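Okay, here's what each chain looks like letter by letter:
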Amino acid sequence: MYRTLVVVVLATLLIGADEGGCGDSSDPVPLPLVECTPDSCTGCCQGTTCIAGTATSACGNSGVFCSACLGLTICNVERRECEVDSAALIAIQPTQAVLSPRDPTDDSDWDLDGSVPDVVVELRCPNPGGEPLVTRTPEISSLTPQWTTGGCSVSAELLLTHPIEIKVFDIDTLFDDEVATLSHTLTREELKVGTISVSMSPAINSLTLTFTRAR
């Protein structure tokens, strides 16, 4: 009886194996995980997946991690790098300045009554029509004025080939006293960063301008 039972059990196991049990040779063999590396990817890596790397939201080459092109940049589909969008219309805005405590021309108070200067920044931006586009910030009475309006909008292409002229004035009752002036041609790196801070010595310790896409 015992021997008969053993034979029945073995026969059952053999039949199960033939019908596709756990030993079925038709089961797919798991493929090894292929990581995204500089050796295996000419685009960029999203996790362990290699993608083309030509999208502004996922740009890169040589198997680096994909990057989103932010601010004024787009993905160059040939180099697969984020670069300044030359076709972008860029809003240039003076945002803040730091003036010397006293008028450096004669080491006197800025105004006759001893008050702080009334500061205005004038921009002369390149214009495809020929004559520069002239804009002014609101007048702010402070040694550390800040602004959110009063800038100009220019194409990136013009900004990279033509200078911006920056003038700072102390607004007085009878006339506008020009404090400092500067002519500056922007670089691709400055536009890519989205801001610059310039010195207009000796009166202006620093003047900050920001660059964003014009709406």
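What comes next is a walk through the structure. (Residues numbered from 1 in each chain as written. Predicted model: local features only at pLDDT ≥ 70, side-chain atom pairs only at ≥ 80, totals over all residues. Heavy atoms only, no water.)

Quick word on the sheet that holds strand 1 (residues 44–46)
Filter applied, for reference: Here, any two strands with at least 2 DSSP bridges between them count as paired. Under the DSSP-based scheme used, a helix requires at least four consecutive residues in state H or I and a strand at least two consecutive residues in state E, with every element numbered from the N terminus.
Across the sheet, which stays open at both edges, the three strands sit in the order 2-1-5 with mixed pairing between neighbours. Strand pairing shows two members of the sheet lacking a second neighbour, strand 2 (49–51) and strand 5 (64–65), which therefore form its edges. Pairing of strand 1 with strand 2 involves three bridges; the strand directions are antiparallel. In the sheet register, Cys44 faces strand 2, and the bridge partner there is Ile51.

A look at the pairing of strand 16 (residues 204–213)
Bridge count between strand 8 (residues 89–99) and strand 16: nine bridges; the pairing is antiparallel. By the bridge assignment, Pro94 is partnered in strand 16 with Leu209. Following strand 15 (residues 195–200), the chain reverses through three residues before pairing antiparallel with strand 16.

Points about the pairing of strand 12 (residues 152–155)
Put simply, the rule is: Buried means the residue's accessible area, taken with a 1.4 Å probe over protein chains only, is under 20% of the maximum for its type, while exposed means over 50%, and partly exposed covers the values in between.
Because side chains alternate across strand 12, one face comprises the buried residues Cys152 and Val154, and the other comprises Ser153 and Ser155, none of which is buried. Of the strand pairs in this sheet, strand 8 and strand 12 are connected by four bridges, and their pairing is antiparallel. Across the sheet, the residue bridging to Ala91 is Ser153, located in strand 12.

A word on the packing of aromatic side chains
Rule in force here: Note on ring pairs: Phe, Tyr and Trp rings are taken, using the six-membered ring of Trp, and paired if centres are within 6.5 Å. Classes follow the plane angle, with under 30 degrees stacked, over 60 edge-to-face and the rest tilted. Geometrically, a lysine NZ or arginine CZ counts as sitting over a ring once it is within 6 Å of the ring centre and also within 35 degrees of the ring normal.
Under the defined criterion, the tally for this structure stands at zero aromatic pairs. It is Arg136 that lies over the ring of Phe169; its NZ or CZ is 4.5 Å from the centre.

Re the sheet that holds strand 16
Rule in force here: Axes here mean lines fitted to C-alpha atoms, for a helix over just the part in contact, with angles spanning 0 to 180 degrees between N-to-C directions.
Here we have four strands laid out as an open sheet, ordered 12-8-16-15, and antiparallel in their pairing. Whereas interior strands pair on both sides, the edge strands pair on one side only; in this sheet they are strand 12 and strand 15. Within the sheet, the average angular offset between the axes of one strand and its neighbour, ignoring direction, is 30 degrees. One ladder, built from five bridges, connects strand 15 with strand 16; its direction is antiparallel. Note that in strand 16 the partner of Val198 across the bridge is Leu207.

Here's the deal with the environment of Gly114
Locating Gly114 in the fold gives a position in the loop between strand 8 and strand 9 (118–125). Under the relative-accessibility criterion, Gly114 is labelled partly exposed at 43%.

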